[in-house]
Amino acid sequence: MEIDKQIKELNNILSKQSSTTSGKDDLNGLAIFEHFIPYELLSRIFCYLKSNELVVCHLVCKRWNEHIKEYVWRKKAELISGQTFPFDEKINWVSYYLLCAKNAFNRNLLLSDKVVARDDNEYDHGAFETIEFDKNENPPPINVMPFPEDLVVNDQIRCSISSPLSSSGAKKSFRIYLLKEGLTEKILNNIQPIIKVSVWFCCKLDAKEADFSCYTRLIGRPYPEDPDASAFVMRSAQFNKRLNNVDQKGKWFQCTFEFKNYGKGLRRIKFYQEASGEVIVGGASIRLVVPDLDENFDKTNC
C-alpha cells in the first residue's frame, strides 16, 4: 500500500537523525528569522497542514519530529474527525496518521469502496434494486410517505427496493474490514470505538404484507497476532419486523444498534439485510464514535 510504503520510508530517514539536541538553550525549530514561535502556535499551524505536508515536517529537525509524533497527529485526527481521543502512550503516531489519511471516524463505513457487498441469490433469492432520487426534483415512490431527513445526503437519496415477486425475499450482506478503513489494532483494542448502526425501511400502502430483518455482527480473533486463529462473533444484534397492519404501511421505521466495550480483537463488521414483499430500505449506515471514559455498557434499540 502507498501509505505503508510512505511510513516505512519516513521511519528509515528518522532513524538516521541525531538522537540528541545541542543543549538546553537550543531553539532549533522554535525560532524563525529571529522570532520565537511558541509550541501552541506551532502546533496549530501543523494541524492545518495536509497530511502529506505534515509528514515532510518530520524531517526538518528532531524537535519538530518529536513534537509532531507525540502530540500533533493526535490533535490533527481530532480536528478532522470532530472527536476527542484520550491520550494513550501505547497508540503511536502512525495510528493517528492513518485516521487523518482515511478519516474513518467521520463517514459512513458502508459507503466505503473497500466494503465487500454481496447479493445472496442462491436458491432463487430476489435481489435489492438500487434506486436514487433527487430531493428537489423527484418525489418518493407512489404510496410511500416523504423521505426522512436522515436519508438525504447532498440532496440525493439512495435506497434499495426488494422485488415483490420473490417468494423467498431479497438478501444482501456487507463486510467491513476495519484495518483497511484506516483503523489499527491499537485504536481498536485500546479505544474500542462505539459502533452505531442505523437503517430505515418501509413498505408501500398497497402492499399485501412485507417483512424486514437485519443483523449486525462484530467479528474478531481471539489471538490477533496468530494469523491462523479462527474468527469468532464478539457481539451481535438482530431485528425483525412484519409490516401487515394498515397503520404500518407507507410509513418509515428506523432500526438502530449500538455496540460498546466489545473487547479486544475486533477486525471486521458484517451487516445483513433481508426483505420480502416490496420493501424500500434506505439510509443504512455504520459509524464510529470515540467513547467517553465512563461509558461501559452495550445498548440495542429497535
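Not measured: the values here are computed from a predicted model. (Residues numbered from 1 in each chain as written. Predicted model: local features only at pLDDT ≥ 70, side-chain atom pairs only at ≥ 80, totals over all residues. Heavy atoms only, no water.)

Trainee: Any details on the environment of isoleucine 45? Residues and values, ideally.
Mentor: Considering the arrangement of structural elements, one finds isoleucine 45 in helix H2 (residues 39-47). Sequence spacing of isoleucine 45 and valine 72 is 27 residues, and the spatial spacing of their C-alpha atoms is 9.7 Å. (Helix = DSSP H or I, 4+ residues; strand = E, 2+ residues; numbered from the N terminus.)

Trainee: Talk me through the packing of H2 against helix H4 (residues 62-81); I want residue IDs and the actual numbers.
Mentor: How two helices sit against one another is set out by the angle between their axes and by the gap between those axes. Between H2 and H4, whose axes approach to 9 Å, the crossing angle comes to 60°. By the angle between their directions, the pair H2 and H4 is classed as oblique. Crossing hand, H2 versus H4: right-handed. On H4, the residues touching Tyr39, Leu42, Ser43, Phe46 and Cys47 of H2 are Arg63, Trp64, His67, Ile68, Tyr71, Val72, Lys75, Lys76 and Leu79. A per-class count over the contact of H2 with H4 returns 9 nonpolar, 2 polar and 3 charged. (Axes fitted to C-alpha atoms, helices over the stretch in contact; angles between N-to-C directions. Parallel < 35°, antiparallel > 145°, perpendicular 65-115°, else oblique. Left-handed = near helix turned anticlockwise from the far one by under 90°. Contact = heavy atoms within 4.5 Å. Nonpolar A, V, L, I, M, F, W, Y, C, P; charged D, E, K, R; others polar.)

Trainee: Give a description of the nonpolar core that names residues and reports values.
Mentor: As a rule of thumb, nonpolar side chains are buried together in soluble globular proteins. The biggest cluster of nonpolar side chains holds 59 residues, and the ones touching the most others in it are Trp73, Leu99, Leu183, Ile195 and Phe212. Considering each element in turn, this core owes the most residues, 7 residues, to helix H5 (residues 93-102). Residue assignment places this core across two domains, with domain 1 (1-15 + 27-102) and domain 2 (107-289) each supplying three or more. When residues no more than four places from it in sequence are discounted, the contact partners of isoleucine 195 are Leu218, Phe257, Glu258, Phe259, Tyr262, Leu266, Ile269, Ile286, Arg287 and Leu288. (Core = buried A, V, L, I, M, F, W, Y, C linked by side-chain atoms within 4.5 Å. Buried < 20%, exposed > 50% of the residue type's maximum accessible area, 1.4 Å probe, protein only. Domains from an automatic or database assignment.)

Trainee: I'd like a description of the packing of H4 against H5, backed by residues and values.
Mentor: Viewed as axis vectors pointing N to C, H4 and H5 meet at an angle of 25°, and their least axial separation amounts to 9 Å. By the criterion of interaxial angle, the relationship of H4 to H5 is roughly parallel. The chirality of how H4 crosses H5 is left-handed. Contacts from Lys69, Trp73, Arg74, Lys76, Ala77 and Ile80 in H4 reach Trp93, Tyr96, Tyr97, Leu99 and Cys100 in H5. Of the residues belonging to the contact of H4 with H5, the class tally is 8 nonpolar, no polar and 3 charged.

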